[in-house]
Every structure is written in structure tokens, then in C-alpha cells.
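Close look at the chain arrangement
Read off the chains here:
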Amino acid sequence: MSAQLLDGKAMSDELRQEIAARVAALKAKGVVPGLAVILVGEDPASQIYVRNKGIACEQTGVYSRTIRMPAESTQQQLEDEIRRLNADKRIHGILVQLPLPAHLDESAALAAVAPEKDVDGFHMINAGRLMNGQPGVTPCTPKGAMEMIRRTGADLRGKHAVVVGRSNIVGKPMAMLLLQADCTVTVCHSKTRNLADFTRDADILVAAAGRARFITADMVKPGAIVIDVGINRVDGKVVGDVDFDVVKEVAGWITPVPGGVGRMTITMLLKNTLEAAERAGC
Ligand code: NDP
């Protein structure tokens, strides 16, 4: 392997120790950071994510509460629950686990979360703040990916960053963060022609398309920083969007899946919750 590994587990362990210390300092002032996760229905993947978030909270001393609602809950019931949590002083962060059952309006639910408690960073206000370069809550996955890029120590100014994927939760905020870091950013998507022409020119390549192992070695510039956001299941195994075994021979830096961006995402959720509590506590 020629690429250096960007180990999300090791970075997360280090960051979570720092978070735990800040949580303890806040507790000493009488504020216990609190995260509420709303889970509607029985989606198996969501159940696992929610459980992992609860464990991470416990490890760092963050108070966590999971609100389980039946799959047939109405929009009104969901938004009433969100409003209750908006008013709850023990809760500093609210996360609505996505996807919601098809009959529920995801955008309306996210808009009901108080922007200062929106630790996912999905509220329009926080999206707008990110777009305008103002302080706000940054979505956890791009925030974690950016932290990994920074930890390479590379000077990012003027570097060509290519983001494959333009979703509101990953691709677009990722592009904004890279722009703020003075990269020259290209965003690719399913209608992009000759994708490899763009990816081959990337000093920093972020793959967030949800296509198993579709970034191959010939699509990567030698020495590039390759960040794999994808989580795909193939024959019962979790794999990324990057064909890790071959791309690691070309890239300069690479994130594994699992143990890469996914791990950092939960760490950034803890950080966003802590920061929300610090802001509320002062
Ligand atoms: P979406 O499905 O919302 O978006 C996928 C994006 O990829 C779209 O913009 C789509 O283009 C683009 N795309 C799809 N196929 C291609 C292709 N062949 N070539 C170029 N672009 C393509 O997914 P998310 O953004 O929510 O998630 C992306 C991946 O990241 C998924 O695997 C998801 O599981 C994972 N994920 C991982 C997280 C983590 O913690 N590691 C957190 C969140 C997501 P278009 O807009 O034209 O349709």
C-alpha cells in the first residue's frame, strides 16, 4: 500500500477524549449536554445507527434520549414531539433519524427543529449560514470528512477538490467547506459527462454517490487525498464508493470503509451537541 491511511477510528478516539474532557468541564458548571434522537418506525439500519449514537454519547458523558415513535405516526405527532424537545432545557441537540416513513414530510420535520438545537446541521438556517460563511451548525459527515482532510497536513489553498455527489446532507455542504478552505471545487453528479476526466484531476477527491467501489484506480490522480463517504452493502459486507484495494496503490491518502468517515460522523455529532450545550450554557 502506497497511500497513508486516514484512520477514522484512531482520530475519533482522540477527538472523543477531547470531547469527554470538555463535557466534564461543562458538567462542573452544572450543564449536562443532552442529545435527543427521534426514531420513527423500525428501519433496521436506522436502529443500528441510533444504538451506536447512544453508545457514543455514553462514552463521552453526553446525556442521550431516544424517542421511538410508531411507523404510522402522523406529521402532527412528529412535529409536536420536536416542539416538546425544542422547549426541553435538558436537550441541546435534536436529531430526526432519516429516512422517515414515506408518508411523512422530511423537510417540514427538519424545519421544525430549533436551529440552535439542529445538531445535524440540516435546518435551512444552518444551510444558509454555511453558504454565507457565517457561524452555524455544520452537517456531521462533511465536517468529519473535512477534519480528516485537514489532518493530512496538506496546504489546501488552490487545490482542486472534486466532490462526487450533490445531496443536501453530504455533497453540497462538503463543497462549501472545501470552498471555505480556499480549494477550487468541482461538484459532479449523475448527469456529469466523463466523470473520470474530473476525478483524475482531483488533488482531493470526495466520493459520496452511494455506488459500491465505483471509483477505480484509473480515476484517481497519483498522490491524491481520497475521502470515501459511501456506505454500500455488497454480499453482506459494507464497502465504500472507492475500490479501496486498488486505489490505495495510487492515492497519497485514503480513508477506509468501515472505520473511516462513518466513525467521524458520529464523533462530529457529539461535538455539535457539546458546542450547542456550551452556547446554551453561557
Ligand atoms: P444521495 O443518494 O442523496 O446522493 C447521491 C449523489 O450521488 C447524488 O447527487 C447523485 O447525483 C450522485 N450520483 C449517483 N450516482 C452517480 C454516478 N454514477 N456518478 C456521479 N454521481 C452520482 O446520497 P447521500 O449524499 O445521502 O449519501 C451518499 C453516500 O454516502 C451513500 O452511500 C450513503 O450511504 C453515504 N453516507 C455516509 C455517511 C457516513 O457517515 N459515512 C453519512 C451519510 C451518507 P444526482 O444528484 O444527479 O442524482
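For the structure given in this document, a descriptive report is provided here.

A word on the pairing of strand β7 (residues 204–207). In β7, alternate side chains face the same way, and those of Ile204 and Val206 on one face and Leu205 and Ala207 on the other are all buried. Of the pairings in the sheet, the one linking strand β5 (residues 160–164) to β7 comprises four bridges and is parallel in character. Looking across to β7, one finds that Val163 is bridged to Val206. Bridge count between β7 and strand β8 (residues 225–228): four bridges; the pairing is parallel.

On to the pairing of β8, then. On a regular strand, one side chain projects to one face of the sheet and the next to the other, so that they alternate. The alternating pattern of β8 places Ile225 and Ile227 on one face and Val226 and Asp228 on the opposite face, and all of these are buried. As defined by bridge partners, β8 adjoins strand β11 (residues 253–254) across two bridges and the pair is classed as parallel. Bridging across to β11, Val226 finds its partner in Ile254.

In this section: the site of the ligand. Close to the ligand lie 22 residues; Arg166, Ser167, Ser190, Ile231 and Thr265 are nearest. Between the ligand and Arg166, the relevant distance is 2.7 Å, taken from an oxygen atom to a side-chain nitrogen or oxygen of the residue. Contact distances for the ligand include 2.9 Å between an oxygen atom and a side-chain N or O atom of Thr265. Relative to its free-state accessible area of 930 Å², the ligand is covered by the protein chains to the extent of 71%. Of the residues forming the shell around the ligand, the biggest block, three residues, is contributed by helix α10 (residues 261–281). Taken together, the residues of the shell around the ligand break down into nine nonpolar, 10 polar and three charged.

Take the sheet that holds strand β3 (residues 63–69) next. One open sheet holds the three strands; their spatial order is β3-β2-β4, and the pairing between them is parallel. Lying at the two open borders of the sheet, with one neighbouring strand each, are β3 and β4 (93–96). Each neighbouring strand pair of the sheet contributes to a mean axis angle of 15°, computed without reference to strand direction. Pairing analysis gives four bridges linking strand β2 (residues 34–40) to β4, with the strands arranged parallel. From the neighbouring strand, Ile38 faces β4, where its bridge partner is Val96.

Moving on, we come to the sheet that holds β11. Pairing between sheet strands relies on hydrogen bonds along the backbone, with the strands arranged either parallel or antiparallel. One open sheet holds the six strands; their spatial order is β1-β11-β8-β7-β5-β6, and the pairing between them is parallel. The open sheet is flanked by β1 (4–5) and β6 (184–188), the only strands paired with a single partner. Sheet topology places β1 next to β11; two bridges connect them, and they run parallel. Bridge pairing in β11 links Leu5 to Ile254. Against the sheet, helix α6 (residues 140–150) touches β7 and β8, its axis set at about 155° to β8.

Right, let's talk about the layout of surface pockets for a bit. Computed from the structure, the largest pocket encloses a volume of approximately 1,400 Å³. As for the largest pocket, its lining consists of 47 residues, of which Tyr49, Thr141, Ile231, Gly262 and Thr265 are closest to the centre. Among the elements of the structure, α1 (8–28), α2 (44–60), β4, α6, β9 (232–234) and α10 are those that each provide at least two residues to the lining of the largest pocket. By residue number, the principal contributor to the lining of the largest pocket is α2, which donates nine residues. Grouping the amino acids of the lining of the largest pocket by side-chain chemistry returns 25 nonpolar, 13 polar and nine charged. Computed from the structure, the second largest pocket encloses a volume of approximately 480 Å³. In this structure, the second largest pocket is lined by 18 residues; those nearest its centre are Phe122, Met124, Ala127, Asn168 and Ile169.

Let us now look at the nonpolar core. In terms of nonpolar packing, the biggest core is built from 48 residues, with Ile149, Leu178, Ile204, Val206 and Ile227 touching the most fellow members. Sequence-distant contacts of Ile227, that is, excluding residues within four places in its chain, are made with Leu6, Ala145, Met148, Ile149, Leu205, Val206, Ala207, Thr255 and Val261. Counting 18 residues, the second-largest nonpolar core is a separate cluster that includes Val164, Met219, Val226 and Ile254.

Working note: α-helix, 3.6 residues per turn, so residues spaced by three or four point in the same direction. Taking 1.5 Å as the rise per residue, α1 with 21 residues should run 30 Å; its terminal C-alpha atoms sit 30 Å apart, in good agreement. Within the sequence span of α1, burial applies to Gly8, Met11, Ser12, Leu15, Arg16, Ile19, Val23 and Leu26. Buried residues of α1, viewed axially, fall in a sector of 125°; they line one side. Away from its buried face by more than 90 degrees, α1 exposes Gln17, Ala21 and Ala28. Buried residues along α1 sit in contact with α2, α6 and α10.

Reading the values: the criteria
- Residues numbered from 1 in each chain as written.
- Predicted model: local features only at pLDDT ≥ 70, side-chain atom pairs only at ≥ 80, totals over all residues.
- Heavy atoms only, no water.
- Buried < 20%, exposed > 50% of the residue type's maximum accessible area, 1.4 Å probe, protein only.
- Helix = DSSP H or I, 4+ residues; strand = E, 2+ residues; numbered from the N terminus.
- Pairing = 2+ DSSP bridges.
- Near = heavy atom within 4 Å.
- Polar contact = N/O pair within 3.5 Å; in protein donor to acceptor, adjacent residues only side chain to side chain.
- Areas by Shrake-Rupley, 256 points an atom, 1.4 Å probe, with all protein chains shown as cover.
- Nonpolar A, V, L, I, M, F, W, Y, C, P; charged D, E, K, R; others polar.
- Axes fitted to C-alpha atoms, helices over the stretch in contact; angles between N-to-C directions.
- Contact = heavy atoms within 4.5 Å.
- 1 Å grid on protein atoms, 1.4 Å probe; cavity = no way out; pocket = protein on both sides within 12 Å on 5 of 7 lines; lining within 4 Å.
- Points joined across faces, edges and corners; volume = space filled by probe spheres on them.
- Core = buried A, V, L, I, M, F, W, Y, C linked by side-chain atoms within 4.5 Å.
- Expected span 1.5 Å × (residues − 1).
- Arc of directions from axis to C-beta.

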